[in-house]
Amino acid sequence: MNRIRTGISGFDELIEGGLVEGSTVLVSGGTGTGKTIFGLQFLYNGASKFNESGIYVTLETRPRDLRLEARQFGWNWEEFEEKKALVIIDAASNKAGLPTSERYALRRGFDVSTLAEEINKAAEEINAKRLVIDCISSLGIRFTDSLEVRNELFRISSLLNELKITSLLISEAITPKLQSRAGVEEFITQGLISLALVQEKDSLIRELLIWKMRQTPHSMNKHQFIICKTGIELVQKKKVTAKTR
């Protein structure tokens, strides 16, 4: 079974070396938990360390702000865009009614079908192996209708599966009791990674938990992580071994 390594320090050891190639994984969490950084790092490591091109679909953040966020960790995102190893699809400007100069963008009415067309075009042009959608909570799906959420996410997941792209779908978790916004997204994807901020005495700590990862054993423990000058790193208190499901 081929693995797609995230390159995130301490994480791949939790899932037997990396994500299953071609799988779609939900990365869920509240505000400030590091979801966007996780996605950026996954793509940048792919391009810089493993020679795997990637696409970042942004539905909420303007591309220039993503590039600035990447730069604070020493990631020269623009260098790999010039090499056609990284691509940003700008869906945020369209939703905000603003113009965009990005090569890959939604310039007409926003819907899932239009987004799928742009993803397909970019994937073919750069032979993409990785993709991040940030965030699916902004896809325009009525999250009060669980059936619509399932149907729309199934359409996206099927496209990515057809393209054989390993993908992270970023989702908000608006309450601690739900692992995603609608509470059904995790049933469509092959994996679920939850990021959280937890209050411990007078400070906050960051925690990561892998709820599921199909076709592979994975850690069932909570793991602390930090966001340092080079990105996300898991705090290794002891040797980590993968456990059976």
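Predicted model, so just to flag it, every value in this text is computed and none were measured.

## Remarks on the environment of Gly29
Next, step 1: Relative to the elements of secondary structure, Gly29 occurs in strand S3 (residues 24–29).
Next, step 2: In this structure, the C-alpha to C-alpha distance between Gly29 and Ile193, residues 164 residues apart in sequence, is 8.6 Å.
Next, step 3: Other than its neighbours up to four places away in sequence, Gly29 contacts Lys35, Ser171, Glu172, Ala173 and Leu195.

## Some thoughts on unusual backbone geometry
Peptide bonds are, in most cases, trans, and in most cases residues other than glycine have a negative phi.
Next, step 1: Note that the residue after Asp134, namely Cys135, is joined by a cis bond; omega there is -5°.
Next, step 2: Within the secondary structure, Cys135 sits in the loop between strand S6 (130–134) and helix H6 (146–163).
Next, step 3: The backbone of Asn127 sits at a positive phi, close to 55°, despite the residue not being glycine.
Next, step 4: Note on placement: Asn127 falls in the loop between helix H5 (112–126) and S6.
Next, step 5: Its identity is not glycine, yet Lys164 carries a phi of approximately 60°, on the positive side.
Next, step 6: Counting through the fold element by element, Lys164 comes out in the loop between H6 and strand S7 (166–172).

## Thoughts on the pattern of salt bridges
Next, step 1: This model, assessed by the stated rule, comprises eight salt bridges.
Next, step 2: A salt bridge links Arg103 to Glu125; the nearest nitrogen and oxygen atoms lie 3.3 Å apart. In this pair, Arg103 is assigned in the loop between helix H4 (92–96) and H5 and Glu125 in helix H5, connecting sequence segments 22 residues apart.
Next, step 3: The exposed category is assigned to Arg103, whose relative accessible area is 52%.
Next, step 4: A relative accessible area of 40% means that Glu125 is categorised as partly exposed.
Next, step 5: Lys121 is paired through a salt bridge with Glu118; the nearest N and O atoms lie 3.3 Å apart. Taken together, the residues Lys121 and Glu118, both in helix H5 and three residues apart, mark about one turn of the helix.
Next, step 6: We classify Lys121 as partly exposed; its relative accessible area is 36%.

## Focus: the confidence of the model for the protein chain
Next, step 1: Of all residues in the protein chain, 87% attain a pLDDT of 70 or more, and the chain-wide mean is 87.
Next, step 2: Element-level mean pLDDT values for the protein chain span from 62 in helix H7 (residues 185–188) up to 98 in helix H1 (residues 35–49).

## Re the nonpolar core
Next, step 1: The biggest cluster of nonpolar side chains holds 37 residues, and the ones touching the most others in it are Phe11, Phe38, Tyr56, Trp77, Leu168, Ile193 and Leu208.
Next, step 2: Not counting residues up to four positions away in its chain, the partners in contact with Leu208 are Phe11, Leu14, Phe38, Ile193, Ser194, Leu195, Asn221, Lys222, His223 and Phe225.
Next, step 3: With 28 residues, the next largest nonpolar core counts Ile89, Ala122, Ala128 and Ile165 among its residues.

## Side note on the packing of aromatic side chains
Remark: the centre distance and the inter-plane angle together describe each pair of aromatic rings, the angle taken between the planes.
Next, step 1: Tallied over the full model, the rule gives five aromatic pairs.
Next, step 2: Between Tyr44 and Trp75 the ring centres are 5.8 Å apart and the planes differ by 20°, which places this aromatic pair in the stacked class. Note that Tyr44 is positioned in helix H1 and Trp75 in the loop between helix H2 (63–71) and helix H3 (77–82), a separation of 31 residues in sequence. Residue Tyr44 shares its accessibility class with Trp75, and that shared class is buried.
Next, step 3: In textbook terms, an aromatic cluster arises when at least three aromatic residues are bridged by ring pairs, as seen for Tyr44, Phe73, Trp75 and Phe80.
Next, step 4: Of note, Lys83 hangs over the ring of Phe80, and the distance from its end group to the ring centre comes to 4.8 Å.

## Observations regarding empty space enclosed by the protein
Next, step 1: If you walk through the whole model with that rule in mind, you get one cavity of 30 Å³ or more.
Next, step 2: Empty space within the largest cavity amounts to approximately 30 Å³.
Next, step 3: Elements represented by at least two residues in the lining of the largest cavity include exactly H5 and H6.
Next, step 4: With four residues, H5 is the largest single contributor of residues to the lining of the largest cavity.
Next, step 5: Its residues assigned to classes, the lining of the largest cavity shows six nonpolar, no polar and no charged.

## As for the side chain of Thr189
Next, step 1: Inspection of the secondary structure puts Thr189 in the loop between H7 and strand S8 (191–200).
Next, step 2: For Thr189, a relative accessible area of 2% puts it in the buried group.
Next, step 3: Of the polar contacts made by the side chain of Thr189, one reaches the backbone oxygen of Gly191; its length is 3.1 Å.
Next, step 4: Aside from chain neighbours lying at most four places away, what touches Thr189 is Thr24, Val25, Leu26, Leu169, Lys212 and Arg214.

Parameters at a glance
Residues numbered from 1 in each chain as written. Predicted model: local features only at pLDDT ≥ 70, side-chain atom pairs only at ≥ 80, totals over all residues. Heavy atoms only, no water. Helix = DSSP H or I, 4+ residues; strand = E, 2+ residues; numbered from the N terminus. Contact = heavy atoms within 4.5 Å. Salt bridge = Lys/Arg side-chain N within 4 Å of Asp/Glu carboxyl O. Buried < 20%, exposed > 50% of the residue type's maximum accessible area, 1.4 Å probe, protein only. pLDDT = per-residue confidence, 0-100. Core = buried A, V, L, I, M, F, W, Y, C linked by side-chain atoms within 4.5 Å. Phe/Tyr/Trp six-rings, centres within 6.5 Å; stacked < 30°, edge-to-face > 60°. Lys NZ or Arg CZ within 6 Å of the ring centre and 35° of its normal. 1 Å grid on protein atoms, 1.4 Å probe; cavity = no way out; pocket = protein on both sides within 12 Å on 5 of 7 lines; lining within 4 Å. Points joined across faces, edges and corners; volume = space filled by probe spheres on them. Nonpolar A, V, L, I, M, F, W, Y, C, P; charged D, E, K, R; others polar. Polar contact = N/O pair within 3.5 Å; in protein donor to acceptor, adjacent residues only side chain to side chain.

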